[in-house]
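A structural walkthrough
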Amino acid sequence: MKILLLQGSARKKGNTARVLGWVEEELSTLGHEVEAIYLNAKNLKGCLGCAKCKELPDEVGCVQKDDIPEFLGKIVHSQLVVFASPLYFWGVTAQLKAVIDRTYSLYTQYHQPDHASLVEGQRQALLVTGGGPWDNNAEAAFTAFSRIQNPHKSVHAGELFIGGCTTPGDMDDKVKDQAIEFARKITG
Ligand SMILES: Cc1cc2nc3c(=O)[nH]c(=O)nc-3n(C[C@H](O)[C@H](O)[C@H](O)COP(=O)(O)O)c2cc1C
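Parameters and conventions
Residues numbered from 1 in each chain as written. Predicted model: local features only at pLDDT ≥ 70, side-chain atom pairs only at ≥ 80, totals over all residues. Heavy atoms only, no water. Helix = DSSP H or I, 4+ residues; strand = E, 2+ residues; numbered from the N terminus. Buried < 20%, exposed > 50% of the residue type's maximum accessible area, 1.4 Å probe, protein only. Contact = heavy atoms within 4.5 Å. Arc of directions from axis to C-beta. Pairing = 2+ DSSP bridges. Axes fitted to C-alpha atoms, helices over the stretch in contact; angles between N-to-C directions. Phe/Tyr/Trp six-rings, centres within 6.5 Å; stacked < 30°, edge-to-face > 60°. Lys NZ or Arg CZ within 6 Å of the ring centre and 35° of its normal. Parallel < 35°, antiparallel > 145°, perpendicular 65-115°, else oblique. Left-handed = near helix turned anticlockwise from the far one by under 90°. Nonpolar A, V, L, I, M, F, W, Y, C, P; charged D, E, K, R; others polar. 1 Å grid on protein atoms, 1.4 Å probe; cavity = no way out; pocket = protein on both sides within 12 Å on 5 of 7 lines; lining within 4 Å. Points joined across faces, edges and corners; volume = space filled by probe spheres on them.

Take S154: it is sitting in the loop between helix 4 (139–152) and strand 7 (155–162). Exposure remark for S154: the relative accessible area of 12% places this residue in the buried category. With sequence-adjacent residues up to four places away left out, S154 is seen in contact with V119, G121, Q122, Q124 and Q149.

Laid out in structure tokens, this is it:
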């Protein structure tokens, strides 16, 4: 399976990178073709809301020429995409949100009978680390993510929240086991 990992934390060796690293390792061990993108090193602009992309329904048609159209192409050609981020003010980071918002260009006619998506049937999963607990903290990010799958017509492959994070070195084998279990689950 062709798999894309979108690493949304600016901290290259932070908590999210550590957990995602275990996920990547397991996916590779299982024989999948995995590519990870460290978003913070890229040129990312927010969606303009111009809707020019809706005039080009069969292609990735964003008018902005930063790095995101290339990622959108990679997203479209993947069977599974893992969106990974630390929790920032009850949501995902600006880096990952910029990519998510730009997926606006991947579908047309939402809520109409001829609704079409370039990622229809794609498996998508969310991995989030946070300093706090799940309750009254992390659930909104996961709710928003599951809603994205309606316009995308994608498949909810799985979700993982690692709360109570301090430093990456403090993560124990229990977290590693959760990451491995998540990797196995999301591939179906
Ligand atoms: C700007 C900012 C906002 C944050 N907001 C939250 C939050 O709303 N809930 C939470 O549990 N942790 C929050 N945190 C803590 C991080 O989510 C947590 O430390 C995370 O594991 C960091 O991941 P990283 O090392 O991959 O960057 C916040 C941290 C920062 C810097």
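Once that is clear, we can look at helix 2 (residues 68–76). When helix 2 is considered as a whole, its buried residues turn out to be I68, F71, L72 and I75. Looking straight down helix 2, one finds its buried side chains confined to an arc of 105°; they lie on one side. The inward-facing, buried residues of helix 2 contact strand 1 (2–7), strand 2 (33–38), strand 3 (80–86) and helix 3 (94–102).

Before going further, it helps to examine the sheet that holds strand 7. Spatial ordering of the open sheet is given by 2-1-3-6-7, a layout of five strands whose pairing is parallel. The open sheet has two free edges, formed respectively by strand 2 and strand 7, since each of these has just one partner strand. Across this sheet, the average inter-strand angle for adjacent strands is 15°, counted without regard to direction. Where strand 1 lies against strand 2, six bridges are found, and the strand directions are parallel. Within strand 2, the position partnered with K2 by the bridge is E33. Strands in contact with helix 3 are strand 1 and strand 3; relative to strand 3, the strand with the most contacts, it is inclined by about 145°. Packed onto the sheet, helix 5 (residues 173–186) meets strand 3, strand 6 (123–129) and strand 7 and runs at close to 175° relative to strand 7.

Summed over the entire model, instances satisfying the criterion amount to seven aromatic pairs. Ring geometry for F89 versus W90: centroids 6.0 Å apart, planes at 70°, classification edge-to-face. Neither F89 nor W90 differs from the other in exposure class; each is exposed. Over the aromatic face of Y104 sits the side chain of K54, whose NZ or CZ is 3.9 Å from the ring centroid.

Turning to the packing of helix 1 (residues 15–29) against helix 5, a few remarks are in order. Across the interface, helix 1 lies against helix 5 with an axial gap of 8 Å and an inter-helix angle of 45°. When the axis of helix 1 is compared with that of helix 5, the two are oblique. Crossing handedness for the pair helix 1 and helix 5: right-handed. Between helix 1, through V19, W22, V23, E26 and L27, and helix 5, the contact on the second element is made entirely by V175, K176, A179, I180, F182, A183 and R184. Looking at the contact of helix 1 with helix 5, its residues break down into nine nonpolar, no polar and three charged.

Now for empty space enclosed by the protein. In total, this model carries one cavity of 30 Å³ or more according to the counting rule given. In terms of lining, the largest cavity is formed by 14 residues, of which the most central are C47, L48, C50, C53 and C62. Residue composition of the lining of the largest cavity, grouped by class: eight nonpolar, four polar and two charged.

In short, shape yes, function no, at least from these values alone.
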